[in-house]
Each structure stands twice: as structure tokens, then as C-alpha cells.
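Architecture at a glance
So you can see what is in the structure, the chains are spelled out below.
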Amino acid sequence: MTIKMKVLANDGISKSGIKALEKGGFEVITTKVAQEQVANYINEHKVSVILVRSATKVRKDIIDNCPSLKIIGRGGVGMDNIDVDYAREKGLHVINTPASSSESVAELVFAHLFTGVRFLQDSNRNMPLEGDTNFDGLKKAYANGIELRGKTLGIIGFGRIGQSVAKMALGLGMKVIAADKFVDNAEVKVDFYNGQFINVEFITEPMEDVFKHADFITLHVPAQEGYVIGKDEFLQMKDGVGIVNCARGGVIDEVALIEALDSEKVLFAGLDVFENEPTPEIQILMHPKISLTPHIGAATLEAQDRIGTELAEQVISLLKAEKV
Ligand SMILES: NC(=O)C1=CN([C@@H]2O[C@H](COP(=O)(O)OP(=O)(O)OC[C@H]3O[C@@H](n4cnc5c(N)ncnc54)[C@H](OP(=O)(O)O)[C@@H]3O)[C@@H](O)[C@H]2O)C=CC1
Ligand SMILES: O=C(O)C(=O)CO
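Residues numbered from 1 in each chain as written. Chains lettered and ligands numbered in written order. Predicted model: local features only at pLDDT ≥ 70, side-chain atom pairs only at ≥ 80, totals over all residues. Heavy atoms only, no water.

Per an unreviewed UniProt entry, the chain carries the name Hydroxypyruvate reductase and comes from Flavobacterium sangjuense. In the Sequence similarities (unreviewed entry) part of its UniProt record, the chain is described as follows: "Belongs to the D-isomer specific 2-hydroxyacid dehydrogenase family." (UniProt positions renumbered as here; feature names shortened; annotations may be inferred.)

Right under this line is the structure:
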């Protein structure tokens, strides 16, 4: 009898990913194992591959105590929930799917931008009931919307997602400026649904210039030590700027953000990620000027399909030689 290698997809995986892995001769387990039970489960079931999104952490304890493990796979980009260097030192393969979700995250950025400039996060909560006479004042406030067209979008972090955001912004008639620690210039291919495209050359600018000139700022940097935007950075921005963070909680100082919103320095914020996940601080949750999503940047059917298939392809190719 052939013994199939086991893949534990602890944060779920698309049907296409399961199908591809099964076709490749793997058994796929989609049971959600509690974090503290993951190591035991891997050992009990002799799991060879653990696939995670952002919820399950794969730290030193699992890496040290699970000898059957050969691959740690992250369905997504940021690997801050995995001790990557340590795992690689111990001879494990660590893989991710860096390009599969860029367009989906970029689209969510615009969902937050459109929400912020037309106050949707607040009007969704405040539509009047029959006989409500107090709504007129609010309606007047909601009537002060802003168009994105013609405005300047500042992109901090000009990698894959930052560049996807840039091309969508150009399509909307926005001006785009960008800052990146390491990318000096980039040629972004803006493609249209009819197959036509144009290439647009970008030269990145110093971060202070982006803060100074942007009407809206969106962050696309990885998790890192220290805030990228804190009190000092808010002070450098235009009054009434809009901020979007679909990158990582912890790259914006949330206390400074609340202060900036309350003082009207910042007009609105759109947040997909939080310093405290999955349960953001109450001041963030209840703020009328913040549009909230629960870390769903990559959560589209299309992105998850690409992620599942790409993970399956990598697992199959890495373990092909070792299968029994
Ligand atoms: N909300 C969601 O669901 C999702 C969130 N993400 C987040 O988005 C992040 C970006 O993804 P992606 O665009 O694919 O990554 P990339 O690596 O392609 O781009 C990130 C860019 O930001 C640069 N950078 C790092 N730190 C700074 C800084 N302090 N200031 C300016 N630039 C900086 C990086 O430089 P260098 O590479 O040299 O460090 C790199 O060029 C991921 O790391 C992840 O955390 C990703 C997918 C989904
Ligand atoms: O891919 C990422 O980094 C995400 O945050 C989505 O899971």
C-alpha cells in the first residue's frame, strides 16, 4: 500500500489547491488545529507539510519538536508568523506565494479610499429610520465628498502591491508619487481589459516629500521594527489627508492615528490590519472616521485560487523526489 504524505492546511486552502495536491499524491487535512495543539497533531499524524495563512504561527517550538516536517508554506506574502531563518537553518523548506494576491490587496485599498472620501463607513451605520428627524445634519456632512480623480496618491513601499496600486490609481486619473527604502525606479505596466497597455516609469521620492504632497497615503511595506508612520510623520502631512493601511498592523502608530483623526489632521483612515489582531482596540473599532476590514486583503476567490495552486505546485516539486 502506498502511504501518502500528509499536508496540514491549518488556515484553510482553496479547492483548487486541495485538488492539485491530491492529484500530486498528497493527503490534505483541513481540520483547524488549535495553536497549542499544532506540534502534537503534526507528530501524531506524521505531517510532512504545514500550510498556513496569517493565523497559525510556526515558531521555534514547532520547528524543533516536529521531525516529520519538511515544508512550511505560507499562503500569502508576509512571513512574520513564521521563524523563517531558523526553519531554513534546520533544513526545512519555507515557501510563500508573493505575487498571487497583489491585485486583490490593491483593490481593497481603493475600497477603503472610496469609502473614506464618501463617508461610507459612517453612513452605513447611520441611515435614518422612518420618522427620524435628526438625519438632515448628517446628510449635509455626507454631502461633502471628494473625488479621487486629480488627487495625489502617496505610496509608501513600492514593491508588488505598491505598483499594483499605482496602476489602478493611474486608471482613475490620480497622480501617483511613491517612496521606497530600496526601489529607486520602476516601470509599471498599466494593462486594460481589451489587451492594450502602457508602461509608466516611476522614480521614487524621499518619504518626507511624499508626506508633504500626497492627498492620500497608502502603506505597502512589510512588518518591521518601529513605526513607519507615527506622530512626527503625521505632522509632515497635508491637513485633511486620508490614510490606508493594508500592509501590517504596527507600521502605523494607532494612538497617533486616533489623535490625528480627532484633530482633523487626518480626514479618514482605512485599516485592514491592526496592532492588535484579530481584535483591534475599541477606540479603533468605534471611530466614525475609520473604515475597517478584518485582514482580508488577499481574501478573494481569485487570489485564494492562485495561492492554493501555487502552493501545491511548489510542494509537489519540492517533495517529488522524496515520496514513498
Ligand atoms: N492585508 C493583507 O491581506 C496583505 C498584506 N500584505 C502585506 O503587504 C506587504 C507588502 O507586500 P508586497 O508589495 O508584495 O511586498 P514587496 O516586498 O514586493 O514590497 C515591499 C516594498 O517595501 C519596501 N520597504 C520596506 N520597508 C520600507 C520602509 N520603511 N519604507 C519604504 N519602503 C519600505 C521593501 O523594500 P525591501 O524589500 O528591500 O525591504 C519593498 O520594496 C507584505 O509584506 C505584507 O505584510 C500582503 C498581502 C496581503
Ligand atoms: O499575504 C499576506 O501577507 C497577508 O497578510 C494575507 O494573508
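There's more to say after this.
Bringing the site of ligand 1 into the picture now. Neighbouring residues of ligand 1: 24 residues in total, closest Arg160, Ile161, Asp180, Phe182 and Asp272. The contact in question runs from a nitrogen atom of ligand 1 to an N or O atom on the backbone of Lys181, over 3.1 Å. In the environment of ligand 1, a nitrogen atom lies 3.0 Å from a nitrogen or oxygen atom belonging to the side chain of Gln224. Out of a free accessible area of 930 Å², ligand 1 has 84% covered by protein chains. Grouping the constituent residues of the shell around ligand 1 by class yields 12 nonpolar, 7 polar and 5 charged. (Near = heavy atom within 4 Å. Polar contact = N/O pair within 3.5 Å; in protein donor to acceptor, adjacent residues only side chain to side chain. Areas by Shrake-Rupley, 256 points an atom, 1.4 Å probe, with all protein chains shown as cover. Nonpolar A, V, L, I, M, F, W, Y, C, P; charged D, E, K, R; others polar.)

We now examine the site of ligand 2. Taken together, Arg74, Gly76, Val77, Gly78, Arg248 and His295 make up all the residues around ligand 2. One of the backbone N or O atoms of Gly78 is found 2.7 Å from an oxygen atom in ligand 2. In the environment of ligand 2, an oxygen atom lies 2.8 Å from a nitrogen or oxygen atom belonging to the side chain of Arg248. A majority-of-atoms criterion places ligand 2 in the largest pocket. A per-class count over the shell around ligand 2 returns 1 nonpolar, 3 polar and 2 charged. (1 Å grid on protein atoms, 1.4 Å probe; cavity = no way out; pocket = protein on both sides within 12 Å on 5 of 7 lines; lining within 4 Å. Sits in = over half its atoms within 2 Å of the grid points.)

UniProt's feature table lists "domain: D-isomer specific 2-hydroxyacid dehydrogenase NAD-binding" (unreviewed entry) at residues 112-297, given in the numbering used throughout. Structurally, residues 112-297 comprises 32% helix and 23% strand, and the distance from its first C-alpha atom to its last is 11 Å. (Helix = DSSP H or I, 4+ residues; strand = E, 2+ residues; numbered from the N terminus.)

Further remarks concern the packing of aromatic side chains. Counted by the stated rule, this structure contains 4 aromatic pairs. When the centroid spacing of 6.4 Å and the interplanar angle of 55 degrees are considered together, the rings of Phe135 and Tyr142 count as tilted. Judged by relative accessible area, Tyr142 falls into the buried class, the value being 15%. Connected via pairs of aromatic rings, a cluster forms that spans Phe119, Phe135 and Tyr142. When the ring centre of Phe197 is taken as origin, the NZ or CZ atom of Lys189, which lies over that ring, is 4.3 Å away. (Phe/Tyr/Trp six-rings, centres within 6.5 Å; stacked < 30°, edge-to-face > 60°. Buried < 20%, exposed > 50% of the residue type's maximum accessible area, 1.4 Å probe, protein only. Lys NZ or Arg CZ within 6 Å of the ring centre and 35° of its normal.)

A few words on the packing of helix H1 (residues 15-23) against helix H13 (residues 301-319). Interhelical geometry of H1 versus H13 gives an angle of 20 degrees and a closest axis separation of 7 Å. Here H1 is positioned roughly parallel relative to H13, judged by the angle of their axes. You can see that H1 and H13 cross each other, and the crossing is right-handed. Contact residues: H1 offers Ser16, Gly17, Ala20 and Leu21, while H13 offers Asp305, Gly308, Thr309, Ala312, Val315 and Ile316. Here the residues of the contact of H1 with H13 are counted per class, giving 5 nonpolar, 4 polar and 1 charged. (Axes fitted to C-alpha atoms, helices over the stretch in contact; angles between N-to-C directions. Parallel < 35°, antiparallel > 145°, perpendicular 65-115°, else oblique. Left-handed = near helix turned anticlockwise from the far one by under 90°. Contact = heavy atoms within 4.5 Å.)

It is worth spelling out empty space enclosed by the protein at this point. With the rule as written, the count across this model stands at 2 cavities of 30 Å³ or more. Looking at the largest cavity, its volume works out to about 60 Å³. In this structure, the largest cavity is lined by Gly12, Ile13, Ser14, Leu51, Val52, Arg53, Gly75, Gln304, Ile307, Gly308 and Leu311. When residues in the lining of the largest cavity are grouped by element, the largest group, 4 residues, is from H13. Across the lining of the largest cavity, the residue classes tally to 5 nonpolar, 5 polar and 1 charged. A volume near 40 Å³ is recorded for the second largest cavity. Asn245, Arg248, Gly249, Gly250, Val251, Ile252, Glu254, Leu257, Leu271 and Val273 together form the lining of the second largest cavity. (Points joined across faces, edges and corners; volume = space filled by probe spheres on them.)

Turning our attention to the side chain of Lys167. Among the structural elements, Lys167 can be located in helix H8 (residues 160-171). Exposure remark for Lys167: the relative accessible area of 16% places this residue in the buried category. The contact partners of Lys167, leaving out residues within four places of it in the chain, are Glu103, Val188, Lys189, Val190 and Asp191.

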